[in-house]
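Structural characterization, general
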Amino acid sequence: MAGIRMDKPWLELTETAIEALPAQLGVYQIAEADGTVSKIGYAGGREAFGIRTALGRELAAGSGQTFRAELTHGYLTRWEELLMIHQHDHGSLPTGNADHPHRVGRLSVDGTSSKASE
Amino acid sequence: MDLRLSDEQQMIVETVRRYVAEEIVPLEADLDPDAGALAPDDFDRLVDKTKEMGFYGLDIPEEFGGPGLDTTTRALMAIEMSQHRAGLYNPCYGTFGGAGLAQLYEATDEQKEKYLYPTLRGEKKGCFALTEPSGGSDPARAIQTKGHEDGDQWVLNGSKLYISGADKADFALVFARTSDDPGRNGVTAFLVDTDTSGFNVRRVVHTLRSTHYATEISFDEMRVSKDQILGELNRGFAIANDRLSRQRIPYAAGCLGAAIKAQEMAIEWAKSRETFGSVLAEKQAVQWMIVDNEIDIRHARYCILEAAQKADRGERFRTEAAMAKLVASEASGRVVDRAMQIHGGLGMTKDLPLERWYRELRIRRVGEGPSEVQRLIMAREILGGSFK
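The rules behind these values
Residues numbered from 1 in each chain as written. Chains lettered and ligands numbered in written order. Predicted model: local features only at pLDDT ≥ 70, side-chain atom pairs only at ≥ 80, totals over all residues. Heavy atoms only, no water. Salt bridge = Lys/Arg side-chain N within 4 Å of Asp/Glu carboxyl O. Helix = DSSP H or I, 4+ residues; strand = E, 2+ residues; numbered from the N terminus. Buried < 20%, exposed > 50% of the residue type's maximum accessible area, 1.4 Å probe, protein only. Pairing = 2+ DSSP bridges. Contact = heavy atoms within 4.5 Å. Disulfide = S-S within 2.5 Å. Core = buried A, V, L, I, M, F, W, Y, C linked by side-chain atoms within 4.5 Å. Domains from an automatic or database assignment. Buried area = accessible area lost by both parts, 1.4 Å probe. Polar contact = N/O pair within 3.5 Å; in protein donor to acceptor, adjacent residues only side chain to side chain. Nonpolar A, V, L, I, M, F, W, Y, C, P; charged D, E, K, R; others polar. pLDDT = per-residue confidence, 0-100.

Right, let's get into the pattern of salt bridges. All names here are of chain B. Under the definition given, this model contains 34 salt bridges over all chains. One salt bridge connects Glu 355 with Arg 359, and the closest N-O pair in it is separated by 3.1 Å. Placement of the pair is Glu 355 and Arg 359 together in helix α10 (residues 354–364), with a separation of four residues, close to one helical turn. For Glu 355, a relative accessible area of 10% translates into the label buried. Residue Arg 359 is classed as buried on the basis of its relative accessible area of 15%.

Now for the pairing of strand β2 (residues 26–31) of chain A. Residue and element names in this part refer to chain A. Buried residues dominate β2, accounting for six of its six residues. Burial of the side chains of β2 extends over both faces: Gly 26, Tyr 28 and Ile 30 are buried on one face and Val 27, Gln 29 and Ala 31 on the other. The pairing of β2 with strand β3 (residues 37–43) spans six bridges and is antiparallel. Each residue of the ladder has a partner; that of Gln 29, found in β3, is Ile 40. Counting the residues between successive antiparallel strands, the hairpin from β2 to β3 contains five residues, one of them, Gly 35, with a positive phi of roughly 95 degrees.

Another aspect to go through is helix α4 (residues 109–120) of chain B. Residues and elements named next belong to chain B. Turning to α4, its buried residues are Gln 111, Lys 112, Tyr 115, Leu 116, Pro 118 and Thr 119. Lining the buried residues of α4 we find β4 (171–177), β5 (187–193) and β8 (229–230). Positive backbone phi, at 80 degrees, marks Gly 122, one or two positions downstream of α4.

Attention now moves to the state of the cysteines. Residues and elements named next belong to chain B. With the rule as written, the count across this model stands at zero disulfides over all chains. In this structure Cys 92 is not part of a disulfide, and its nearest cysteine sulfur, from Cys 255, lies 16 Å away. Between Cys 255, a free cysteine, and Cys 303, which holds the nearest cysteine sulfur, the sulfur-to-sulfur gap is 13 Å. A residue is classified by how much of its surface remains accessible, and Cys 255, at 0% relative accessible area, is buried.

Further remarks concern the nonpolar core. Ranked by internal contacts, the top residues of the largest apolar core, which has 44 residues, are B:Ile304, B:Ile342, B:Leu354 and B:Trp357. Those elements that provide at least two residues to this core are α3 (71–81), α7 (248–272), α8 (284–312), α9 (318–343), α10 and α11 (371–383) of chain B. Sorting elements by how many residues they give to this core places α7(B) first, with 12 residues. Each of domain 1 (7–103) and domain 3 (241–387) of chain B contributes no fewer than three residues to this core. Dropping the residues within four chain positions of it, B:Leu354 is found in contact with B:Ala262, B:Met265, B:Val336, B:Ala339, B:Met340, B:His343 and B:Gly347. In this structure, A:Leu76, B:Ala129, B:Ile163 and B:Val201 belong to the second largest nonpolar core, which totals 38 residues.

All names here are of chain B. On the secondary structure map, Val 279 appears in strand β10 (residues 278–279). What makes Val 279 buried here is its relative accessible area of 17%. If we skip the residues at most four places from it in the chain, Val 279 touches Ala 270, Lys 271, Ser 272, Arg 273 and Glu 274.

What follows is about the domain arrangement of chain B. Residue and element names in this part refer to chain B. Each domain of chain B was delimited in the assignment, giving domain 1 (7–103), domain 2 (126–230) and domain 3 (241–387). Between the C-alpha centres of domain 1 and domain 3 there is a distance of 20 Å. Both faces considered, domain 1 and domain 3 share a buried interface measuring about 2,100 Å² in area, 57% of it formed by carbon and sulfur atoms. Of all residues in domain 1, Arg 85, Leu 88 and Tyr 89 bury the most surface against domain 3, accounting for 33% of the area lost on that side. Our count for the contact surface shared by domain 1 and domain 3 stands at two salt bridges. A salt bridge links Asp 34 to Arg 359; the shortest N-O distance between them is 3.0 Å. Seen at the junction of domain 1 and domain 3, the total is 12 residue pairs in polar contact (both at pLDDT 80 or more).

All right, on to the interface of chain B and chain A then. Facing the 29 residues of chain B at the interface are 26 residues of chain A. Both faces considered, chain B and chain A share a buried interface measuring about 2,200 Å² in area, 48% of it formed by carbon and sulfur atoms. Here chain B is connected to chain A by two salt bridges. A salt bridge links A:Glu80 to B:Lys168, with the nearest nitrogen and oxygen atoms 3.3 Å apart. Counting the contacts that link chain B with chain A gives 13 residue pairs in polar contact (both at pLDDT 80 or more). By residue number, the principal contributor to the side of chain B that touches chain A is strand β6 (residues 199–205) of chain B, which donates six residues. Partitioned by chemical class, the residues of the side of chain B that touches chain A number 11 nonpolar, six polar and 12 charged.

This next bit is on α3(B). Here α3(B) lies mainly inside the structure; 10 of its 11 residues are buried. Those residues of α3(B) hidden inside the fold are in contact with α1 (7–28), α7 and α8 of chain B.

Let us now look at the confidence of the model for chain B. Residues and elements named next belong to chain B. With 97% of its residues at a pLDDT of 70 or more, chain B has an overall mean of 93. Across chain B, β10 holds the top mean pLDDT of 98, while helix α6 (residues 236–246) sits lowest at 70. The ipTM for the predicted assembly is 0.87, set against a pTM of 0.91.

Another point: the pairing of β6(B). On any regular strand, side chains alternate: one points to one face of the sheet, the next to the other face. Residue and element names in this part refer to chain B. The element β6 is extensively covered by neighbouring structure, given that seven of its seven residues are classed as buried. Sheet analysis places β6 next to strand β7 (residues 214–225), joined by six bridges and oriented antiparallel. Bridge pairing in β7 links Arg 203 to Glu 216.

See the structure below:
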């Protein structure tokens, strides 16, 4: 089995879409209009309203046009897994994760490359 | 058994306690509740501090530059080092340094130059690849990764499961079956560079520890030279087994540290929280939970120190180490569970470290040999050798 990619549908990054999400912990990807993933983030235990708060911050910062999210209590390890898969597929981290302070692991992923437009 | 600390041990315990309270706990206030690492600047600053204290590289043998602590003092430090949110699996976030894989100290001079010394300098990381999908409690028989000779090389095929750090490691200590012997006399340990062709990290394995994943790795026609064998051919399991026995005392001590902190929190809360006209501490139901916690803590502490003192005296301590691991991991789980109950709704939240310890302590009953294997070890010793 290879690393598991996120397969949730892409949604417009808008206040309405964010408000429809449950206030839970989780991970998310942000993409530009052309489908390029610009950031992989997580909503951890310090966020007031979980993934809503984290994505609201991304919207305010103009991080991208679309997003997809996955709810999980294992947000930190899932976040790292998504970073590893992205690095495998693209040879580098998304621009929004360029200042990632720690070494990202190496994963031998089978299958096709991950694109925001999938 | 004398449970009193020497003056030097008391000073060391107080120094580490102050370090945790003044340097580690304040940083955690700003970290994610499940965080497993400090910001690099904080980490570097605190490593400088532990070096100044003379405690960096706690587990490095004295002849390789370590502080040369005895097992009892090391256990006492482990009890203190784990008394913070991340303390069970990341005591003080690694700022006391690592010693690398213990087996590397048995390596040849060439292997030490290539793997041990770079590890001690912080230039390389290793991982320990023993457990397989076929089982981890009885690795000598469960190992199905096979090696066959081809000229001056060994070719390895197979897979390993629940391997920590394989995705970031520079090298791995890989155990493979290299003879027809189905038991421990057919297993060889290999030092393998993780950039070797055929070494693949197949997937991330998520667990109750949301701060840290394990991995599944595979070896596909992976070729290693004969000089990459650690120790003797077909005698690799003795190397693995030695590690498993030695780790149990500090592992148990780490569990106890979390339990002590949970009990402190429970007592403080019970004395201040009022319900039905009086503080919780006045309710007999709560008093009994606090007392049961204290019994568990003292039982675990006794077992840990007994094992450590026997080890320091050079006596056989296999039963005592197994007992300490079993008692401390199970008792600490109960202590944290009761502390959560005393805290009520607050105990279930990520506002407190209790829920993280609760999840991580559940793993401690399986990690480094499950409780059932610890009982098996003790039964063999108590009943006298092998039995059917």
